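# Geometric and topological summary
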Amino acid sequence: MERIIALVDMDCFYVQVEQRRDPSLQGKPCAVVQYNKWKGGAIIAVGYEARAMGVTRQMRGDDAREKCPDINLVQVPEVRGKANLTRYREAGAEVIEVLSKFSKCVERASVDEAYLDLTEEVNVKLTELGDNRVTAKQLKNTHVVGWQGNKNDTEENTATGLDWRDVASLFGVFGFY
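Treat the numbers as computed from the prediction; the structure is a model and nothing was measured.

## Comments concerning the overall build of the protein
- Helices and strands together make up the secondary structure of the protein, namely seven helices and nine strands.
- Burial analysis of the protein (177 residues in total) assigns 32% to the buried set.
- Counting contacts in the protein only where the partners sit at least 6 residues apart, residues at least 24 apart contribute 52% of the total.
- For the protein, the accessible area works out to roughly 11800 Å², and carbon and sulfur atoms hold 51% of it.

Here's what the structure looks like:
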């Protein structure tokens, strides 16, 4: 039996947790650092605003400050010399709780990643759609990584819609297992 599995990988998760904790950080360049404070600490997450200034996870905090002088570096808390990831684990558990409303089978892969088995939900949706087609306007917030359209994708085909089965099989929107 084919399974439809989706991987949810939450981008900038640690930064977003910190921005939720301290709303004054929202919209500002931020990164989360952990462990030793040598050269500003090891960056483990970079927010979008800092990324736009050239900051990457491969940098130390001091290097990030050279690229982006206004960056806010948030230190992961420590307990007995070890990183205390409790706040991030708890935030990740909140996300898993929300994802569980969309799928009966959610497997947490890490603090900021989860696998969802969407087989049952997709099959129900396909049954509801029957032979109906999905138009591009209905998918305005959908993005398929790596898909540039295909040669048969005329304006007319886009307007008349896509068959969900074609989308799933052609583009691998979900992994099939």
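Structure's up, so let's keep going.
## Looking at helix α1 (residues 13-21)
- Among the residues of α1, F13, Y14, V15, V17, E18 and Q19 are the ones counted as buried.
- As for α1, its buried residues are in contact with β2 (30-34), β3 (42-46), α2 (48-51), β4 (72-75) and α4 (86-99).

## Details of the environment of I43
- Mapped onto the secondary structure, I43 falls in strand β3.
- Classification of I43 as buried rests on a relative accessible area of 6%.
- For the pair formed by I43 and V32, sequence separation is eleven residues and the distance between their alpha carbons is 5.7 Å.
- Beyond its immediate stretch of four places on either side in the chain, I43 contacts A31, V32, V33, V55, T56, R57, M59, R60, G61 and A64.

## Quick look at the sheet that holds β3
- One open sheet accounts for three strands, arranged β3-β2-β4; its pairing is mixed. On the outer flanks of this sheet lie β3 and β4, each paired with one strand and no other. Along the sheet, successive strands turn relative to each other by an average axial angle of 35 degrees, direction set aside.
- Bridge count between β2 and β4: four bridges; the pairing is parallel. By the bridge assignment for β4, V33 is matched with Q75.
- The sheet contacts of α1 involve β2, β3 and β4, and relative to β2 the element is tilted by about 105 degrees.

## What about the side chain of Q34?
- The residue Q34 is located in strand β2 in this model.
- Setting aside its immediate chain neighbours within four residues, Q34 contacts G41, A42, I44, Q75, V76, A83 and L85.

## Some thoughts on the pattern of salt bridges
- Counted according to the given criterion, the structure contains seven salt bridges.
- Ionic pairing is found between D117 and R3, a salt bridge with its closest N-O pair at 2.6 Å. Of the two residues, D117 sits in strand β8 (residues 113-117) while R3 sits in the segment before β1 (4-9), which places them 114 residues apart along the sequence.
- Under the relative-accessibility criterion, R3 is labelled partly exposed at 28%.
- If you follow the salt bridges from partner to partner, you end up with E18, R21 and R87 in one network.

## Quick word on the nonpolar core
- Judged by nonpolar contacts, the single largest core of 16 residues is most densely connected at F13, Y14, V15, V32 and Y88.
- Take this core: its biggest share by element is four residues, from α1.
- Once residues within four sequence positions are removed from consideration, V15 is found in contact with C30, A31, V32, A45, V46 and G47.
- A31, I43, V46 and A64 belong to the second-largest nonpolar core, a separate cluster that totals ten residues.

## A few points about the packing of aromatic side chains
- Under the defined criterion, the tally for this structure stands at two aromatic pairs.
- Plain terms: the ring middles of Y14 and Y88 are 4.5 Å apart, the flat faces sit at 50 degrees to each other, and that makes the pair tilted. Note that Y14 is positioned in helix α1 and Y88 in helix α4, a separation of 74 residues in sequence. Across this residue pair, the class does not change: Y14 and Y88 are buried.
- Members of the aromatic cluster, connected to one another through ring pairs, are F13, Y14 and Y88.

So, how was this worked out
- Residues numbered from 1 in each chain as written.
- Predicted model: local features only at pLDDT ≥ 70, side-chain atom pairs only at ≥ 80, totals over all residues.
- Heavy atoms only, no water.
- Helix = DSSP H or I, 4+ residues; strand = E, 2+ residues; numbered from the N terminus.
- Buried < 20%, exposed > 50% of the residue type's maximum accessible area, 1.4 Å probe, protein only.
- Contact = heavy atoms within 4.5 Å.
- Areas by Shrake-Rupley, 256 points an atom, 1.4 Å probe, with all protein chains shown as cover.
- Pairing = 2+ DSSP bridges.
- Axes fitted to C-alpha atoms, helices over the stretch in contact; angles between N-to-C directions.
- Salt bridge = Lys/Arg side-chain N within 4 Å of Asp/Glu carboxyl O.
- Core = buried A, V, L, I, M, F, W, Y, C linked by side-chain atoms within 4.5 Å.
- Phe/Tyr/Trp six-rings, centres within 6.5 Å; stacked < 30°, edge-to-face > 60°.

That's the geometry; what it means functionally is another story.
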